[in-house]
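# Chains, contacts and geometry: an overview
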Amino acid sequence: MAHRNVIPVGPQHPVLPEPIHFDLVTEDERVIDAIPSISYVHRGLERLVEKRDFIDFAHVADRICGLCSFMHSLGYCQAVEEIMGIEVPQRALYLRTIWAELSRIHSHIFWLGVAADAFGFESLFMQALRLREPVLDIFEETTGARVILGVCKVGGVRRDIDNDSLKGIVTRLTVLKADLEEICNVFINDYSVRHRLSGVGFISREDAYALGCLGPMARASGLAIDMRAVGYAAYRYLDVEPVVETAGDCYARCLVRIRETFHAIDLIRQAAGKTPEGPIDVKVTGAPDGEYYSRVEQPRGEVIHYVKGNGSRFLQRFRVRVPTFSNIPAMIKVLKGSEVADVPNIILSLDPCISCTER
Amino acid sequence: MKIFTMTKTVTKNLVKGPATLMYPQKERIFTPITRGKIENAIDRCIFCGLCGRRCPTYAIVVSKESKAWQIDRLKCCICNLCVDVCPVKCLSTDNHHAPSVTERKMALHRESAAPQDDPAQG
């Protein structure tokens, strides 16, 4: 019988980008139990909905998370629009789709970098962050900010992208695609990367389903769960295809994200070609009375925004169920039985976003 | 499986030089629409207080009596709602960020209408 140790990991840890804490119960080098604890960055944003006008709250929803900031305001605005019966102009839907896909590209490239950092490939991390920069530049030129976009509003979008700029974005993404292929070649083919990721953190299709996995975690185990197929925003006019891998390990999750990045570039190309002319917003009058669940596919999986209003300017309840929260049980399951040295890889392959989870 | 997958990228980087900007020597270029900080052309301001009421973070305080307009740059989230709502369009977004501060009260930016402008407005 080996001696048992409890190793605390986080909330401040070199490989963890965000504050989550684990107590790892280990026997020698093997983890036999993992106890997570969160709530280091709780900000009470859900409660804030009772104190802010529902139009202004789109800005608060924007600030739930940095990487998927646009998806949060999109989900919130969709819910409010659905309650109030607002018909959003087609052009606004397409622009929303383009920004959402750009967010996905920038989140996935960032994840690739951080994952490279976790398995100790420092130069690959730098390369990934260099490639993320063109996307942030596009954000700055089209919305005025690099991370917190603040362009989504109830009834449409705040800024227009003219058609020349749309073509420019597609051209720049084509250049980015070529650069990205070079980096992704390292992730896919490099001996040391494969050695570090293959077979690590395996979760079967059945377990992934039973534990409620979402996003790349579920898709890497062979579950084709992708909310974009539901057809919110302009996705119903585009060829969305869930990216599915079957291996279920860290390497498969990495592959899913790589392929999704290329798929997102393709979706932007499609959307830019189809964007119709027209207004970008409609005037909003009245206040929401009713409730709605809005489902949006974030880079990390499906996010649910629940909005309940009672006909006043201040909403009654706002609730966000983020993908990281549903993926934590699966993460615990995967951590049990893994090697201590693989723990950073496993935690990161799930792409935890704790700011979202705690709001 | 290969082992020298990074070689091409590394060689390219050696030839190309750094991807970062040498900051103090080379200024960062902001786009025309970058949301940097809110500016008020105070001569045109009618002190209606709409911006203060619209502000989601309550960063703007307008006093009609003393003809003063004040913004807390640390509270301001540069959402542009005040610029949209301004009836005389005296508010605008500058594309350079506000300078960093070491104390909260240093971020308070106050502007008052010059006395000679009062008769013109009234």
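Everything in this summary refers to the structure shown in the same document. (Residues numbered from 1 in each chain as written. Chains lettered and ligands numbered in written order. Predicted model: local features only at pLDDT ≥ 70, side-chain atom pairs only at ≥ 80, totals over all residues.)

## Here's the deal with the overall build of chain A
Stated precisely, the cut-off is as follows: Where helices and strands are cited, they refer to DSSP runs of H or I of at least four residues and of E of at least two residues respectively, numbered from the N terminus. We take the radius of gyration over the C-alpha atoms and set the globule estimate at 2.2 Å times the residue count to the 0.38 power. Exposure is read from a count of other C-beta atoms within 10 Å of each residue's own; the residue is exposed at 12 or fewer, buried at 20 or more and partly exposed in between. C-beta atoms are placed from the backbone.
When helices and strands are counted, chain A shows 12 helices and eight strands. For 359 residues, the compact-globule estimate of 2.2 N^0.38 gives 21 Å, and chain A sits close to it at 20 Å. In terms of principal-axis extent, the alpha carbons of chain A reach across some 70 × 45 × 35 Å. Relative to its full complement of 359 residues, chain A shows a buried share of 52%.

## Concerning the overall build of chain B
Our working definition: In this description, any two residues whose backbone-derived C-beta atoms lie within 7 Å of each other are considered to be in contact.
Counting secondary structure elements, chain B contains four helices and five strands. Walking chain B from its N terminus toward its C terminus, one meets helices and strands in the order α-β-α-β-β-α-β-β-α. If one aligns the C-alpha atoms of chain B with their principal axes, the spans along those axes are about 75 × 30 × 30 Å. Taking all 122 residues of chain B together, 18% fall into the buried category. Considering only intrachain contacts with a sequence separation of at least 6, the fraction spanning at least 24 residues in chain B is 69%.

## Side note on helix 4 (residues 122–143) of chain A
Residues and elements named next belong to chain A. Quick reminder of the rule: Helix span is expected to be 1.5 Å times the residue number reduced by one.
Its 22 residues give helix 4 an end-to-end C-alpha distance of 31 Å, which sits within 8% of 32 Å, the value for a rise of 1.5 Å per residue. For helix 4, the set of buried residues is Leu124, Gln127, Ala128, Leu131, Arg132, Val135, Ile138, Phe139, Thr142 and Thr143. Looking one or two residues past helix 4, Gly144 carries a phi angle of roughly 95°, positive in sign.

## Considerations on the pairing of strand 2 (residues 60–63) of chain B
Side chains on a regular strand alternate between the two faces of the sheet. All names here are of chain B. Basically, it comes down to this: At least two bridges found by DSSP between two strands is the condition for calling them paired.
Of the two faces of strand 2, the one lined by Ile60 and Val62 is fully buried and the one lined by Val61 and Ser63 carries no buried residue. With four bridges connecting them, strand 2 and strand 3 (residues 68–72) associate as antiparallel partners. Note that in strand 3 the partner of Val62 across the bridge is Trp69. A loop of four residues connects strand 2 with strand 3, the two strands running antiparallel in sequence, and Lys67 in this loop sits at a positive phi of about 50°.

## Side note on the sheet that holds strand 2 (residues 21–27) of chain A
All names here are of chain A. Let me state the cut-off plainly: Note on method: axes are straight lines fitted to C-alpha atoms, helices fitted across the in-contact stretch only, with angles between N-to-C directions ranging 0 to 180 degrees.
Strand order in this open sheet of three strands is 1-2-3, and the pairing throughout is antiparallel. Either end of the sheet is taken by a strand with one partner, and the two such strands are strand 1 (4–9) and strand 3 (30–37). Neighbour to neighbour, the strand axes of the sheet diverge by 20° on average, direction disregarded.

## A short note on the environment of Glu39 of chain B
Residues and elements named next belong to chain B. Mapped onto the elements of the fold, Glu39 is located in strand 1 (residues 37–40). Among the residues examined, Glu39 registers 17 C-beta atoms within 10 Å and is labelled partly exposed. Sequence separation of Glu39 and Thr57 is 18 residues, and the distance between their C-alpha atoms is 17 Å. If near-sequence neighbours (up to four positions away) are discounted, Glu39 is found in contact with Ser92 and Asp94.

## Regarding the interface of chain B and chain A
It is common to report an interface's size as the accessible area lost on association of the parts. Basically, it comes down to this: Under the convention adopted here, Pro, Cys and the residues Ala, Val, Leu, Ile, Met, Phe, Trp and Tyr are nonpolar, Asp, Glu, Lys and Arg are charged, and Gly plus all remaining residues are polar.
In this assembly, 16 residues from chain B lie in contact with 18 residues from chain A. Looking at the side of chain B that touches chain A residue by residue, the class counts come to nine nonpolar, four polar and three charged.

## Points about the packing of helix 3 (residues 90–118) of chain A against helix 9 (residues 250–274) of chain A
All names here are of chain A. Threshold: Angular relationships are summarised with four words: roughly parallel below 35 degrees, roughly antiparallel beyond 145, roughly perpendicular across 65 to 115, and oblique for the angles in between. Crossings are classed by handedness, with left-handed meaning an anticlockwise turn of the near helix from the far one by less than a right angle and right-handed meaning a clockwise turn.
With their axes 9 Å apart at the nearest point, helix 3 and helix 9 run at an angle of 155° to one another. One way to sum up the angle between helix 3 and helix 9 is to call them roughly antiparallel. Handedness of the crossing formed by helix 3 with helix 9: left-handed. Side by side, helix 3 and helix 9 meet where Tyr94, Thr97, Ile98, Glu101, Leu102, Arg104, Ile105, His108, Ile109, Trp111, Leu112 and Ala115 of the first sit next to Cys254, Arg257, Glu260, Thr261, Ala264, Ile265, Leu267, Ile268, Ala271, Ala272 and Lys274 of the second.

## Observations concerning the sheet that holds strand 8 (residues 317–321) of chain A
Pairing between the strands of a sheet comes from backbone hydrogen bonds, and it takes one of two forms, parallel or antiparallel. Residues and elements named next belong to chain A. Ordered by their spatial adjacency, three strands build an open sheet running 6-7-8, and the pairing between neighbours is antiparallel. The two strands at the open ends of the sheet, each matched to only one other strand, are strand 6 (289–298) and strand 8. Strand-to-strand twist across the sheet, computed as the mean angle between neighbouring axes with direction ignored, equals 10°. Note: strand 6 against strand 7 (residues 301–310), 10 bridges, orientation antiparallel. Bridging across to strand 7, Val296 finds its partner in Val303. The sheet strands contacting helix 10 (residues 323–335) are strand 6, strand 7 and strand 8, and the helix crosses strand 7 at an angle near 130°.

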